[in-house]
Each structure stands twice: as structure tokens, then as C-alpha cells.
Amino acid sequence: MNSNQWKKGLLFISPLLVGFAVFTIYPVAASIWYSFCDYDVIRPTRFVGLANFAELAADERFIHSLWNTLAFTVLVVPLTMLTALVLAFLLNMKLRGQALYRTIFFLPSIVPLVASSVLWLWLLNPDYGLINMCLRPALDVVNALTGTHLTPPGWLVDPAWTKPALILMCLWGVGGSMIMYLAALGDVPVALYEAAEIDGASAWRKTWHITLPMISPVLFFTLIMGIIGAMQFFDQAWVMTPNGQPGDATLFYSLYLFANAFLYLRMGLASAQAWVLFVVIVIATIVVFRSTRRFVYYGGEGI
Amino acid sequence: MGKYKPIVRVIMAAAGVAALAAFIVLARPPDPSDRGARTVLGIWHPWGGPTLECFEQSVSAFTKSHPAIACDLLYVPNDMANNQKFYTAVIGNCAPEVIYVDGPQVAEWAERGLLTDLGPLLKEFGRDPQELAGEFFAPCWRQCVYKGKVWAITYCADPNFAFFWNKDAFRKAVARGEIASEYRGKVDPEKGPATIAEMDIYNDAITRKEGDRIVRVGIIPWGMYGRANSLFTWGWAFGGEFYDAAHFKVTANDPRIVMALDWMCSYARKYDVRSMAALQSTFGSNEQNPFFIGRQVMQLFHIGGLDELARYAPNLECGITSIPQPQGGEKDSAWVGGWTVAIPSTATDPAKRRAAMEYILWACASTEGTRLASRTLAAYPGWKAAPFFSEVAGNPRAAAFVEILRKAAHQRPVMPAQAFYMDQLDRAVDRALRGELTPERALDEATRNTQAMLDKVLARSGGGVSGVGVWSPICKAPDPFAGVPAGCQPDAESGAKGSGASRIGLQTPLLQTPLRGGGP
């Protein structure tokens, strides 16, 4: 390309470049500076060195929010992946009405998060929610047979059950991953299955040795994106348990960050918090990359 | 095709220029010439939906009686969590001349340099702040004064709270013999409980459980518009004080407040906090309010409760009185919330400041202004001489609230870490209710944390109030990234900018606030 073409090219993408510089690079760079400052958005910044980070290290709510988020991530990512994968396998079967089933299972993931959160508030109601209304008769039978006194979970009013409640809700919205797995399953060459069948492979061995390796790049992608998404989990928690209560059980990292930034006007501290989260996500991603890379098979690598 | 290229280029260029010109013409603010030489005030307010029309009527009346002033209204939902638009507008030096501020925010905004000291302006208008103070209910005025200066004037006063009890539910329970023998004769459906001890008896008599579920409850002490507001309410009723304003000292662990929280926890111990939380979470607001459907028979309401009651449970017969208090507590305990009106610190044009003050005094402390506000917005004025108070004298329910307002002695602490304090109280109540900490330790912790936060905020401005780091070529914040265009320049004509600006009668914003934007 000659320089004239370069100039024209840059001119044409200049709206993007300017927008990217002003609305992405500048805020990101500024937040690094703010994380070392006492800054409330309104008054000028004041450099405080590492004070924000030191404060975070000593803040038990911060540690608690980090722990909540990590625990949630460890639970929700594998469970959503597994659920999406099982659904994808089932919906990949040649059945009548296959497209209809696929649509039905995909639908929840296009419901706006706030709307679905409000809906789940009702479903998870301990006394009159649909979930406990179904569980109660079942538990009554169990209690009658075993002499126990099991009661349905308190879900969002019981600190021990709030995370499972939110995970349950996340499982309902796995349609996005499911569609990606379905697409990947459709891409697995039939010839490989035929060859395996000729060799007498069972369905399980075909799944383990052909299907999973062939869709492993998509699994890997959803794993990484799932970890990043779970670490930044915010919307549903904000709608359903805005203060992280009961018992700070749903005080997720992003909720606490939001409170510091916009409720308590501690933008400097919140910036520091955001950068700590960034480092945690980077470390988690590197660990996952290193530990799972050898299980991921890319067609281009050759068999 | 190639030979047409130049023509296509010319056409495209012409179309581009035409589109740009059209954009510039359409995006221009309306020609101020139709306003003649009028001073244009930008007013940011928190009323959307049907309430906006009422507010617009009131502002129209103002501009009619003040022909030299025109008003640009903009809906900005500035509650404790959503005020970023105002902050950035102040920093960008494009804030309006008049801003409605939720009462508890005044101190915080003043401390951070967002508001103008109204004292000198009041004097210009011949109003002595000391005298004006006497014209307002004391707690209303107090929440507008911080560090000895007046930063806002009360627009409406929410008396928090009135005690409602469901007479029908008690009558039916008595008639059906549902009241246990130990409580018979102690529960009078026609006469509500006057003390906490009596309320406990009413509660125990009416609460019913079916298996592990509570199907009807007397009262949920922490369910009064959130845990923090509940603690404020009972804390004051028990005779406690949350803040020592003279010494900037947080006193959430006042022994009387500890007693109040301990009493609240007695309900959690008695009925199992999970069962009560389950009952509470079953319901939302309005038509699902447990009080309206007889699941909870005693409740505290702010004035919005009257409208809701009329709309959702018009046939519910209930009694209204002031909050019960314990022995040695505060009789007729109540506090006020509500909106105030202020002038942002960036409004420096003397003519506009005077116009803004004119509007504020008209809206908050004039017969016409308060009459319109109370009639259209159903807001209780904070100005004692408002005609509203004689107008509602014939309505016993509204009059009960007026009485509560007259007796109210408290407002939320006038301090610049209000949101943090509320969160800390909320958390302290939660932890104490679940038995994680004793009430005393939970409140000690809230006190310690809030004091630390408050000290940090105060240390920043070193005694006085701060100046704002306005982004302008003259006054630049010491910020290494300040070279980037702020994108928001001072507006000579109008403070209200942007496509959401609602000029009177022309446009209704999509977002709506509840009838009483400021909450309790």
C-alpha cells in the first residue's frame, strides 16, 4: 500500500480511532492514574500512592466480595458449561420438531436480564414461589418416609442458598453457549464417526475421542468467556439483592465496586478495585490457558 | 460506469453537506428570540410520568407571574445512587441554575462544593436566613443547613411516619376468637397501640403461623422502607440520636439505638427471621403491599401511603396515629424527608442567580408556589404558613400527617457520608437480625466504619467546603489527562442541554419517578 492509500484508510477509520482513543484508551489510562488518587469525580484528584490498594487489602468486605465472586465463578462456570453441553447433545439428535426445541431452549437467553431477574424473584419466593411449591410436596413425601423435617430452601432470604439461587437462574439462561456448542457439533466431520463405527467404537468412545476433541476450541472459548463474565457478575445480583444481602452473601465484586464508585463517591478506590479485578482475571485466564491448552484441538494443527 | 464517477462524487458530497447543514439547524437550541430578553433558568427536577405534568403546571404559573424569567425543565432522577449526570455537569460547567436535591444529600453536595451558599442571595432579597428558618418546620430547615450556611430550601416535607393499623383485621380476629386467651381484653381494634409494649401484644395476638410459614403478621419492625430507615425510625422513638452534628461524630451505637435494634431483633428471635423475610419477600409495593391485603395488619406509612391506600384498598378501614414509643422513649416520634431546591455552584451569572433565588423562594416559601405544589404534586410543604395546612384540615387522614409533621423533631443526619451511613446501618440491622453479631457490636462496627469514612471526606476539605475542579481553560484540575476535550462547554443561554430537555408542555421523558421521588 502506498502512503496515499494509508492516509485514505486512516481517514476512513478515523471516527473509530478517535472514538476508541477518547472513550476507551483515555478512560482506561485515566483509571490507572485514579487508582493512585483520592478522587470523587467532583473535586480535583489528589495523589495518595498505594493507599487505595492498602485500604482494599485491609477491607474485610472487599475480601469477602472477592471470595464470593471466586466461589460463584468456580461453581457457575462448569455447571453452565455442562448444562449447555448436555442440552446441545440432546438438541443435536435428529428428532421431529428439533428446531422448535432449539428455539424454546434458546429463548431464555434473549429475555432482558432485568425482566428475567424480576421473574426469578417470584419463582424463588420461599413461600409462594413456583419452585418451592413443587419442592414442598416432594419433601413432604420424603419426610413422611424417612421421618426427617426437611423444608424447602429459603433461596434469596437465606445466606446459604442465595448463591445456588443465582446459579440456578444462570443455568436457565445457557442458550447462548448451547447454540455455540450446537454449531460446533454440526461441524464435526461425519467421516470421523463412520471410521470409528467401522472400528467398532461405542457411542461413549465416539463422544470422548471424537466429539469432545473436535468441539474443544468452542468449549475452551466458552470457558474463558464464562470465567470473565462470572468475575464481572453484576446485573442479576443488583436487581435481586442490591445490597448483597442477606449477610453479604451476594456482595459480588462488581456490586461492591459500583457502591464505592457511585454511592460512596470513591472513584479512586473503585478504580483500584477494578484494576485488582483485572489482574485477578488475567491470572485466572493464564492459569486456565496453561492448564487446558493441551486438551484443545485445533483442526489446523493436524492429527 | 467510470465516466459517471465525478457526478456521483459531486452528488454524494452535496448530500453530505446538506445532511450536515440539516443536522446543525435541527440540533441548534431553540431560538431564544421568542423569549425576548427573558432570563432563562435551567431547572433539573426528579419528577417524571404523570407527576411531571403537575410540576410543569406549577412552573408555568411561576413564569406567568414572573414574565422576565423563562424555565427549561429537565428530568434528572437524582436520588442517592443516580446523580452522576449532575456531578459531571458541574465539572463540565454546564449544570443548570436550579437543582432539586434530595434532603439527605444537601450536606454531601455542599461539602463537595456542588452547591451555592444561599445566604448572600437571601440577603439580597431582603430575607434574613435566621428569620426564614423560623418560617419552616425545624427539621426541614436543619437538613438544608451545613457548616453554618444555607445550601438549599425545602420544597416538600415528607412526614415519616404514621402508624396504620387494620381495624377490620383486628375486629375479625376478635369475632372469630382467633385471639389467644392471654391477649383477650388487651386488644382493642378501635384503638391502636400507643406504646411499644402494647404493639408487641397486638402483634403477638394477631400473628398466625401455619406449619413453618407465617400467614399473617402484626408488624415487621425492619420492614419500614428498608432496614436503615426502620432503624432511624425506631432509634429515634427509643430516644436515641444518630449523629452529633456539632462534633461531626457518628453515634449509631447510642445505647438507646442499641435498645431499639435489640427490640427489632426480638421479633426475629420470636418468629425466625427467615420466615419473616419469606413473608416480606412475597410482596412488593402497591397492590401487593401486605398491609392492603390483610397479611400484615400494622405498618408505618409515609404520605404516599394515603394515595396507595385510596387506590389499592379503598375499603380497608384503618386507624392512623403516631408511632408507638417505649417507656422513656420519645412521644410522637417522627422525622422528615423530602426534596429541597438549590443553586449549583457553577451558576455564577448574577442575573441568573437572582432569577434562581426568585424561583426557589416562590416555589418553597410563597402562598401561590406552595399551594400549587401541594395541590398538583400532593407534596406537603415545609413552609409553615402554606395554605395547604388549612385546606386539608377537614381531611382526617391528611390532617393526621400534618400533625405528625408539626411534631417531627428529626431529619436524617446532616453529614457528607449519608449513603455510606445508610448502607452501614442496613448491614448492621441485617447482621443483628440474623444473630451474626449482637446489636451492640453491629452498631459499634457501623459507627466505626462510618466515622472513618466521614473523617476521610472531611479531611479532604479541611474544615471548610471544597471547591469543584471545573474543567475550563482558566480553572483546571491538576489532572494529567486533562488535555482531552471535556465536550461540555458553559452554556450562555440555558443550563438544560441535551435531547432529553423537556420544555414545558412539549415532551414527557420516558423514565418515570415514583410519585414521591425522594422516598421516605
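Here the structure is a predicted model, which means the values were calculated and not measured. (Residues numbered from 1 in each chain as written. Chains lettered and ligands numbered in written order. Predicted model: local features only at pLDDT ≥ 70, side-chain atom pairs only at ≥ 80, totals over all residues.)

## Looking at the overall build of chain B
Just so we agree on the cut-off: Where helices and strands are cited, they refer to DSSP runs of H or I of at least four residues and of E of at least two residues respectively, numbered from the N terminus. Three exposure classes are used. Buried residues have 20 or more other C-beta atoms within 10 Å of their own C-beta, exposed residues have 12 or fewer, and partly exposed residues fall in between, all C-beta atoms being placed from the backbone. C-beta atoms are placed from the backbone for every residue, and two residues are taken to be in contact when these atoms lie within 7 Å.
In terms of helices and strands, chain B carries 19 helices and 18 strands. Going through the 520 residues of chain B one by one, you find that 49% of them count as buried. For chain B, long-range pairs separated by at least 24 residues make up 75% of all intrachain contacts whose partners lie at least 6 apart in sequence.

## Some thoughts on the overall build of chain A
Secondary structure summary: chain A contains 14 helices and two strands in total. Taking the principal axes of its C-alpha atoms as reference, chain A extends roughly 70 × 70 × 35 Å. Expressed as a percentage of its 303 residues, the buried residues of chain A come to 32%. Pairs at least 24 residues apart make up 70% of the contacts formed inside chain A by residues separated by at least 6 positions.

## Details of the interface of chain B and chain A
When the parts of a complex come together, some accessible area is lost, and that lost area is often taken as the interface size. Short version of the rule: Each residue gets one of three labels, nonpolar for Ala, Val, Leu, Ile, Met, Phe, Trp, Tyr, Cys and Pro, charged for Asp, Glu, Lys and Arg, and polar for the others, Gly among them.
Counting residues at the interface gives 34 residues for chain B and 29 residues for chain A. Partitioning the side of chain B that touches chain A into residue classes produces 17 nonpolar, six polar and eleven charged.

## Things to note about the nonpolar core
All names here are of chain B. For clarity, the cut-off: By definition, a nonpolar core groups buried Ala, Val, Leu, Ile, Met, Phe, Trp, Tyr and Cys residues that connect through C-beta atoms lying within 7 Å of each other. Boundaries of every domain are those given by an automatic assignment or by a domain database.
Membership of the largest hydrophobic core comes to 209 residues, with the highest contact counts inside it found for Val 106, Trp 151, Leu 261, Val 341, Tyr 359 and Ile 360. Mapping this core onto the domain boundaries places at least three of its residues in each of domain 1 (37-158 + 337-413 + 471-488 + 495-503) and domain 2 (162-333 + 417-457). In contact with Val 341, not counting residues within four places along its chain, are Val 98, Tyr 100, Ala 152, Ile 153, Tyr 155, Ile 360, Ala 363 and Cys 364.

## Points about the sheet that holds strand E7 (residues 158-160) of chain B
Residues and elements named next belong to chain B. Convention followed: Any two strands between which DSSP finds at least two bridges are classified as paired.
An order of E7-E15-E17 is seen for the three strands of this open sheet, with the pairing classed as mixed. Of all the strands in the sheet, just E7 and strand E17 (410-411) have a single pairing partner and so form its edges. Direction of pairing for strand E15 (residues 335-337) relative to E17: parallel, over a ladder of two bridges. Looking at E17, one finds that Val 336 is bridged to Gln 411.

## Concerning unusual backbone geometry
Glycine aside, the phi torsion of most residues is negative, and most peptide linkages are trans. Put simply, Asn160(B) and Phe161(B) share a cis peptide bond, and its omega is -5°. In the Ramachandran plot, Asp248(A) falls in the positive-phi region, its phi being about 55° despite a non-glycine side chain. Turning to its location among the elements, Asp248(A) is positioned in the loop between helix H12 (235-240) and helix H13 (253-263). Note on Asp248(A): 23 C-beta atoms within 10 Å, which makes it buried.

## What to know about the domain arrangement of chain B
All names here are of chain B. Here chain B is described as being made up of domain 1 (37-158 + 337-413 + 471-488 + 495-503) and domain 2 (162-333 + 417-457). Its C-alpha centre places domain 1 at a distance of 32 Å from the equivalent point of domain 2. With 18 residues of domain 1 in contact, the opposing surface of domain 2 contributes 16 residues. When residues of the side of domain 1 that touches domain 2 are traced back to their parent elements, those giving at least two are helix H4 (106-111) and helix H17 (396-407). Per element, the largest residue contribution to the side of domain 1 that touches domain 2 is six residues, and it comes from H17. Here the side of domain 1 that touches domain 2 is built from residues that sort into ten nonpolar, two polar and six charged.

## Focus on the pairing of strand E14 (residues 318-321) of chain B
All names here are of chain B. What you see with E14 is a clean split: Cys 318 and Ile 320 sit on the buried side and Gly 319 and Thr 321 on the side with no burial. Here strand E8 (residues 162-166) pairs with E14 via four bridges, running antiparallel. Across the sheet, residue Trp 165 finds its bridge partner in E14, namely Gly 319.

## A closer look at the sheet that holds E8(B)
Residues and elements named next belong to chain B. Heads up, the condition is: Comment: axis = line fitted to C-alpha atoms, over the contacting stretch for helices; angle = value between 0 and 180 degrees taken between N-to-C directions.
If you trace the three strands from one edge of the open sheet to the other, you get E13-E8-E14, paired in antiparallel fashion. Of all strands in the sheet, those bounded by a partner on one side alone are strand E13 (298-301) and E14. On average, each strand axis in the sheet is tilted by 25° relative to the strand beside it, whichever way the strands run. Summarising the sheet, E8 and E13 pair through four bridges and their orientation is antiparallel.

## So, H13(A)
With eight of eleven residues buried, H13(A) lies mostly within the body of the structure. Of all the residues in H13(A), the buried ones are Tyr253(A), Ser254(A), Leu255(A), Tyr256(A), Leu257(A), Ala259(A), Asn260(A) and Ala261(A). Residues of H13(A) that are buried make contact with helix H4 (60-91), helix H11 (203-231), H12 and helix H14 (267-292) of chain A together with helix H18 (418-433) of chain B. Leu265(A) occupies a position one or two residues after H13(A) and carries a positive phi of about 55°.

## What to know about the confidence of the model for chain B
All names here are of chain B. The test is simple: The predictor's confidence in any single residue is recorded as pLDDT, a number from 0 to 100.
Residue-level pLDDT values for chain B average 84, and 84% of them are 70 or greater. Note on residues 472-519: pLDDT under 50 across the span, and 98 contacts to partners over four residues away in sequence or across chains. Per the prediction output, this complex has pTM 0.85; the corresponding ipTM is 0.86.

## Description of the environment of Ala157(B)
Residue and element names in this part refer to chain B. Tracing the chain through its elements places Ala 157 in the loop between strand E6 (152-154) and E7. Residue Ala 157 is classed as buried on the basis of its 30 C-beta neighbours within 10 Å. Considering only alpha carbons, one finds Ala 157 and Pro 324, 167 residues apart in sequence, at a separation of 21 Å. Not counting chain neighbours up to four residues away, the residues in contact with Ala 157 comprise Phe 137, Cys 140, Val 336, Gly 338, Tyr 380, Pro 381, Gly 382 and Leu 405.

## Remarks on the pairing of strand E2 (residues 69-75) of chain B
All names here are of chain B. Across the seven residues of E2, seven count as buried, placing the element largely inside the fold. Because side chains alternate across E2, one face comprises the buried residues Ile 69, Cys 71, Leu 73 and Tyr 75, and the other comprises Ala 70, Asp 72 and Leu 74, equally buried. Where strand E1 (residues 39-45) and E2 come together, seven bridges link them in parallel fashion. Directly across from Val 40, in E2, lies its bridge partner Ala 70.

## A short note on the environment of Val258(B)
Residue and element names in this part refer to chain B. Relative to the assigned elements, Val 258 resides in helix H11 (residues 255-271). Once the C-alpha coordinates of Val 258 and Leu 443 are considered, the two residues, 185 residues apart in sequence, prove to be 7.1 Å apart. Each residue touching Val 258, except ones within four places of it in the same chain, is listed here: Asn 253, Pro 439, Glu 440 and Leu 443.

## Notes on the packing of helix H5 (residues 98-106) of chain A against helix H9 (residues 175-187) of chain A
Helix-helix packing: each pair is described by the crossing angle between the helix axes and the interaxial distance. Residue and element names in this part refer to chain A. In contact at an axis separation of 8 Å, H5 and H9 are set at 145° when each is read in the N-to-C sense. The segment H5 lies against H9, with Arg 102, Phe 105 and Phe 106 engaging Gly 175, Met 178, Ile 179 and Leu 182. Of the residues contributing to the contact of H5 with H9, the split by class is five nonpolar, one polar and one charged.

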